[in-house]
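# Remarks on the overall topology
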Amino acid sequence: MFMMPTIDMVATGKNIERLRKVAGLSVRDLQDVFGFATPQAIYKWQHGTAMPTIDELPPHTRDFSRELGGFTCTIKVRMV
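Residues numbered from 1 in each chain as written. Predicted model: local features only at pLDDT ≥ 70, side-chain atom pairs only at ≥ 80, totals over all residues. Heavy atoms only, no water.

Let us now look at the side chain of Gln-31. Looking at the element boundaries, Gln-31 is found in helix 2 (residues 27-34). On the accessibility criterion, Gln-31 (4% relative accessible area) is buried. Among residues more than four places away in sequence, those in contact with Gln-31 are Phe-36, Ala-37, Thr-38, Pro-39 and Ile-42. (Helix = DSSP H or I, 4+ residues; strand = E, 2+ residues; numbered from the N terminus. Buried < 20%, exposed > 50% of the residue type's maximum accessible area, 1.4 Å probe, protein only. Contact = heavy atoms within 4.5 Å.)

Judged by nonpolar contacts, Ile-16, Leu-25, Val-27, Leu-30, Phe-34, Ile-42 and Trp-45 together constitute the single largest core of 7 residues. Among the elements of the structure, helix 2 and helix 3 (40-47) are those that each provide at least two residues to this core. At 3 residues, the largest contribution of residues to this core is made by helix 2. (Core = buried A, V, L, I, M, F, W, Y, C linked by side-chain atoms within 4.5 Å.)

Another point: the confidence of the model for the protein. Within the protein, residue pLDDT values average 76, and 64% of them lie at 70 or more. When mean pLDDT is taken per element in the protein, helix 3 scores highest with 93 and helix 4 (residues 59-67) scores lowest with 52. (pLDDT = per-residue confidence, 0-100.)

For the rest of this paragraph, the subject is helix 2. Listed as buried for helix 2 are Val-27, Leu-30, Gln-31 and Phe-34. One side of helix 2 carries all its buried residues, which in axial view fall inside an arc of 105°. Gly-35 occupies a position one or two residues after helix 2 and carries a positive phi of about 75°. (Arc of directions from axis to C-beta.)

Below, the discussion takes up the environment of Ala-50. Counting through the fold element by element, Ala-50 comes out in the loop between helix 3 and helix 4. Along the sequence, Ala-50 and Gly-13 sit 37 residues apart, while their C-alpha atoms lie 8.4 Å from each other. Leaving out residues up to four positions away in the same chain, Ala-50 has contacts with Met-9, Lys-44 and Trp-45.

Our focus in this paragraph is helix 3. Regarding helix 3, the residues found buried are Ile-42, Trp-45 and Gln-46. Buried residues of helix 3, viewed axially, fall in a sector of 95°; they line one side. Considering only its buried residues, helix 3 is in contact with helix 1 (9-22) and helix 2. Directly after helix 3, the chain includes Gly-48, whose backbone phi takes a positive value near 80°.

Take a look at the structure:
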């Protein structure tokens, strides 16, 4: 039996929101950090309907996410 980790999108969204708040940032602040024209992507992340991809993010945001402890929450899925 092999346990494969997968991303729990809802838990990750909650984690992103928590990290944003701990950092004292508004959604607008994150929008500016990531260089987005609108805040929709941030809200989608927080609701777990979309995930940021590391290769799409500018280098300074990758460092930012690492400093905040990372974004993703994983669960283990049983594979037979």
